[in-house]
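# Structural overview for review
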Amino acid sequence: MKDFLINSIYRASEGEGVNIGTSQVFVRFQGCAVGCLNCDSMDTWDFDPSTVMSLNEVMAAVEYQGRMGSIKRVSITGGDPLHPKHTPRVLELAKELKAKGYWINIEAAGTRVVDELFDLIDFISFDFKTPSTGVATNPQLIRRVLEQYGNRSQIKSVIENKADFSAALMAHQWVLENTDIFLTPWVLTPAYNLNEEFPQQRFQDIIKWNEESGAPFRVIGQQHKWIFGPDKKQV
Ligand code: SF4
């Protein structure tokens, strides 16, 4: 049955976060209702029924893109793969991938924790949304991810300006005060917006603010945007 809404399936290096530089196959689901103001993938927002694939077709594309199964790492992303319209399909896909020996990352928008799925997944990248996104993340969800999945996750925040940095810092401090063990990396991703020149000053500012605050974060840019430009897709 063709009921997977898929934007694209392609091989590329992980461009951001603690697994940066690792080759993997990206399965990008089509459809997101989160509505980040600075989203760089607005083409993935529509729940477009013309993009459907079957589980077999998705698995065949993953294997083909992974050089006939020699690259056994998959990142499930979107869109929002944790939207309730997608999660039953993502769960099916994750079970099939695990049965075939794949390592799986999921890109979670910070809006929900799906235990049945997270229990299967090898690595969870969970967003804490900052003010420039226009979306709020409940810090209780961050705490839940850290407590249940802290040894195989990262928290990730896009930073556009000082207000974003301050919001991430406040959330980090709240989590420190309310969580027993907190060793999970919290990554700041300096914004590099569509049609923008490389924002060197923003990177330098964020590194400086982090150091002035005792360096609670790791600052990691999106290297695919340096290499291919901020507008290029499927890289
Ligand atoms: S969750 Fe991701 S795809 Fe959805 S609007 Fe935000 S950045 Fe864009």
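Calculation criteria
Residues numbered from 1 in each chain as written. Predicted model: local features only at pLDDT ≥ 70, side-chain atom pairs only at ≥ 80, totals over all residues. Near = placed C-beta within 6 Å. Nonpolar A, V, L, I, M, F, W, Y, C, P; charged D, E, K, R; others polar. Buried ≥ 20, exposed ≤ 12 C-beta atoms within 10 Å, placed from the backbone. Helix = DSSP H or I, 4+ residues; strand = E, 2+ residues; numbered from the N terminus. Pairing = 2+ DSSP bridges. Expected span 1.5 Å × (residues − 1).

## A short note on the site of the ligand
Residues in contact with the ligand, as listed here, are C32, V34, G35, C36, C39, S41, T44, G78, G79, D80 and A109. Here the shell around the ligand is composed, by residue class, of five nonpolar, five polar and one charged.

## Some points on the pairing of strand β2 (residues 23-29)
Here β2 lies mainly inside the structure; six of its seven residues are buried. As paired elements, strand β1 (residues 2-13) and β2 share seven bridges and run antiparallel to each other. Paired with S13 across the strands is S23, a residue of β2.

## Regarding helix α6 (residues 200-212)
Counted at 1.5 Å a residue, the expected span for α6 with its 13 residues is 18 Å, and the 19 Å between its end C-alpha atoms agrees. Positioned one or two residues after α6, G214 has a phi angle of 90°, which is positive.

## Regarding the environment of N161
Along the chain, the position of N161 falls in the loop between β7 (153-159) and α5 (162-178). Sequence spacing of N161 and T130 is 31 residues, and the spatial spacing of their C-alpha atoms is 9.7 Å.

## A look at the sheet that holds β2
Remark on secondary structure: sheet strands pair via backbone hydrogen bonds, oriented parallel or antiparallel. Reading across from one edge, β3-β1-β2-β4-β5-β6-β7-β8-β9 is the order of the nine strands in this open sheet, with mixed pairing throughout. Of all the strands in the sheet, the pair left with one neighbour each is β3 (52-54) and β9 (218-219). As paired strands, strand β6 (residues 123-127) and β7 are joined by four bridges and run parallel to one another. Its bridge partner being in β7, S125 is matched across the sheet by Q154.

## Focus on unusual backbone geometry
A cis amide bond links G78 with the next residue in sequence, G79, at an omega value of 10°. Summarising the element assignment, G79 is placed in the loop between β4 (73-77) and α2 (87-99). The phi angle at Q234 is positive, at roughly 60°, despite the residue not being glycine. Within the fold, Q234 resides in the segment after α7 (223-228).

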